[in-house]
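Listed below are the residues making up each chain.
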Amino acid sequence: MLTDRKKWFVKGLRDGIPIMLGYFAVSIALGISARNAGMTAPQATIASALIMASAGQYIGFSIYAANATLLQLIILIAITNLRYILMGAALSQRMPEGTPVSRRILVGTCITDEIFGVTIARPGVPTPWFTFGAIAAAVPMWAAGTAAGISMGNILPDNVVSALSVALFGMFLAVIVPQSRKD
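The shown structure was predicted, so the numbers you read here are calculated from the model rather than taken from an experiment.

Colleague: Any chance you could break down the packing of helix H2 (residues 41-51) against helix H3 (residues 54-65) for me, citing the residues and the numbers?
Modeller: Interaxial distance between H2 and H3 falls to 11 Å at its minimum, and their mutual angle equals 140°. The element H2 and its partner H3 pack so that their crossing is right-handed. Along its contact with H2, which presents Gln 43, Ala 44, Ala 47, Ser 48 and Ile 51, the element H3 presents Gln 57, Phe 61 and Tyr 64. Per-class residue counts for the contact of H2 with H3 are five nonpolar, three polar and no charged.

As structure tokens, this is what we get:
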């Protein structure tokens, strides 16, 4: 059984590599947004390691910059990330019978759009070990890219940082426009 788990974990790692590369690029723009909100590299990196959602983090950084209360911050991030509850529930229902609740919860709390996509696209019943592999590949780069973005924001001239702060919106459009042209 252990070899089967390892096999699926490695497949998840392999399928997580493209996600990892994309996350690094996107999270650099997020790090610049965090820097513009007045956050330090450790603060933003920890936020990226815990939240793993660009829209939720961007809103969180904006709310932080506006000196909103912690309750407002939590409510807005929760509303922004409600879709992950549906994704986690969908994956949980499709996992093999006998999958412990703890593994189902871990998958649900670490799910992102891209990780959900590669997991659900696999033929057959999704195994949590595949998802854990994709998470292990992708999530550390999300946090590292955020830290790199803050560092770049501290080094680059203000006009370049200002231009890069809109990169996150451009990346959202790059994801939405091609699909909307098809449908």
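Colleague: Break down the side chain of Thr 146 for me, with residues and values.
Modeller: Checked against the element boundaries, Thr 146 lands in helix H8 (residues 128-155). Here Ser 48 takes part through its side chain, which lies 2.6 Å from a polar atom of the side chain of Thr 146. Contacts of Thr 146, omitting those with residues within four sequence positions, involve Ser 27, Ile 28, Leu 30, Gly 31, Ala 44, Thr 45 and Ser 48.

Colleague: Explain the pattern of salt bridges to me, and be specific about the residues and the numbers.
Modeller: Within the structure shown, the criterion is met by four salt bridges. Between Asp 15 and Arg 122 there is a salt bridge whose closest N-O contact spans 3.2 Å. With a gap of 107 residues between them, Asp 15 in helix H1 (residues 2-36) and Arg 122 in the loop between helix H7 (113-121) and H8 connect regions that are remote in the sequence. Of the charged contacts in the structure, one is a salt bridge between Arg 83 and Asp 113, with a shortest N-O distance of 3.1 Å. Here the residue Arg 83 occupies a position in helix H5 (residues 83-94), and Asp 113 occupies one in helix H7, the gap between them amounting to 30 residues. One network of salt bridges, with partners in common, ties together Arg 14, Asp 15 and Arg 122.

Rules and cut-offs
Residues numbered from 1 in each chain as written. Predicted model: local features only at pLDDT ≥ 70, side-chain atom pairs only at ≥ 80, totals over all residues. Heavy atoms only, no water. Axes fitted to C-alpha atoms, helices over the stretch in contact; angles between N-to-C directions. Helix = DSSP H or I, 4+ residues; strand = E, 2+ residues; numbered from the N terminus. Left-handed = near helix turned anticlockwise from the far one by under 90°. Contact = heavy atoms within 4.5 Å. Nonpolar A, V, L, I, M, F, W, Y, C, P; charged D, E, K, R; others polar. Polar contact = N/O pair within 3.5 Å; in protein donor to acceptor, adjacent residues only side chain to side chain. Salt bridge = Lys/Arg side-chain N within 4 Å of Asp/Glu carboxyl O.

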